[in-house]
Amino acid sequence: MADRQSKAVLVDLDGTMIDTAPDIAEAVSRMLDELGTAPLPFRTVVGFIGKGVPNLVRRSLETAALDQRVAIEHALAVFHRHYAETNGRHGHAFPGVAAGLGALRQRGYRLACVTNKPEALAAPLLEMTGLAGYLDALVAGDSIAQMKPAPEPLWHACRLLGVETEGGALIGDSPVDVAAARAAGLPVFIVRYGYAGPRGAGALACDGLIDSLEEAPALLAGRSLEPKAEAIALPGSVNLA
């Protein structure tokens with residue numbers, strides 16, 4: 001049963017908690033090399049991040065003029081093989097993420113990562129970067145049938161956390177996050193440093209911009225999203241499987 005007094009913060013992964021672009025771009029480069037073509041510019045690949053791996057691979061094939069010669073299923077298999085090797089090897093958690101998550105937990109917020117990245121990649125990445133222990137739940141791109149920008153992943157995260165939807169908020173970095181939050185009926189806050197697209201974070205119709213997750217507790221408290229429950233201790237780890 002959902003707790004009407006508890007509050008939840010749902011946090012995106014790529015571009016919000018972790019700078020995964022170097023890992024992803026390296027995997028795309030290796031995929032394209034195996035498929036017999038040159039790598040794409042780094043910023044081009046970054047522009048494909050945020051709508052799931054199938055979209056990333058499809059856009060990469062189209063941009064490299066391979067979409068008519070290479071089956072998407074084959075390309076996906078090649079990408080996943082390479083990404084399993086690069087995942088967490090080149091990227092890193094953004095400054096202030098661990099401190100911000102810790103501060104939210106100390107104030108009693110329940111936390112979940114909601115990402116379009118498959119669980120087989122998201123869970124080990126959170127472990128490698130030391131962020132898994134701050135989270136109560138993970139909703140990955142293959143946890144349920146829908147992915148962001150559909151609202152269902154956000155609703156599912158709230159159910160896992162035992163929190164009413166009106167007690168939740170999303171922190172993300174992209175138009176996909178804004179669209180998902182709006183569809184789910186949640187306020188959404190965007191980090192300035194993520195993968196917001198060519199127009200930048202300022203062009204997104206969100207409820208507020210933040211420079212660091214360390215700003216989140218004060219921002220949420222100012223919007224009456226401060227939890228009424230007593231603060232809870234930071235757990236040592238969480239099972240994200």
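Model, not experiment: these values are computed from the prediction.

**Quick word on the packing of aromatic side chains**
Here is step 1 of the chain: Counted under the stated rule, the structure contains two aromatic pairs.
Here is step 2 of the chain: Pairing Phe79 with Tyr83 gives two aromatic rings, centres 5.3 Å apart and planes at 45°, and the pair type is tilted. Here Phe79 pairs with Tyr83, and both are found in helix 4 (residues 72-86), just four residues apart, close to one helical turn. Each member of the pair Phe79 and Tyr83 is classed as buried.

**Looking at the nonpolar core**
Here is step 1 of the chain: Membership of the largest hydrophobic core comes to 30 residues, with the highest contact counts inside it found for Met17, Leu101, Leu126, Ile171 and Leu213.
Here is step 2 of the chain: Mapped onto this core, the elements with two or more residues apiece are strand 1 (8-11), helix 5 (97-106), strand 4 (110-114), helix 6 (119-128), strand 6 (168-172), strand 7 (188-191) and helix 9 (216-222).
Here is step 3 of the chain: Of the residues forming this core, the biggest block, four residues, is contributed by helix 6.
Here is step 4 of the chain: Beyond its immediate sequence surroundings of up to four residues, Ile171 is in contact with Val9, Leu10, Val11, Asp12, Thr16, Phe189, Val191, Ile210, Leu213 and Ala216.

**Notes on the confidence of the model for the protein chain**
Here is step 1 of the chain: Summing up the model confidence of the protein chain, the mean pLDDT is 90 and the portion of residues at 70 or higher is 90%.
Here is step 2 of the chain: Across residues 226-241, confidence stays below pLDDT 50; counting only partners more than four residues off in sequence or on other chains, it has 41 contacts.

**Observations concerning the environment of Phe94**
Here is step 1 of the chain: Structurally, the position occupied by Phe94 is in the loop between strand 3 (92-93) and helix 5.
Here is step 2 of the chain: Take Phe94: its relative accessible area is 12%, and that puts it in the buried class.
Here is step 3 of the chain: What Phe94 contacts, discounting residues up to four positions off in sequence, is Gly15, Thr16, Met17, Ile18, Asp19 and Tyr193.

Rules used throughout
Residues numbered from 1 in each chain as written. Predicted model: local features only at pLDDT ≥ 70, side-chain atom pairs only at ≥ 80, totals over all residues. Heavy atoms only, no water. Phe/Tyr/Trp six-rings, centres within 6.5 Å; stacked < 30°, edge-to-face > 60°. Helix = DSSP H or I, 4+ residues; strand = E, 2+ residues; numbered from the N terminus. Buried < 20%, exposed > 50% of the residue type's maximum accessible area, 1.4 Å probe, protein only. Core = buried A, V, L, I, M, F, W, Y, C linked by side-chain atoms within 4.5 Å. Contact = heavy atoms within 4.5 Å. pLDDT = per-residue confidence, 0-100.

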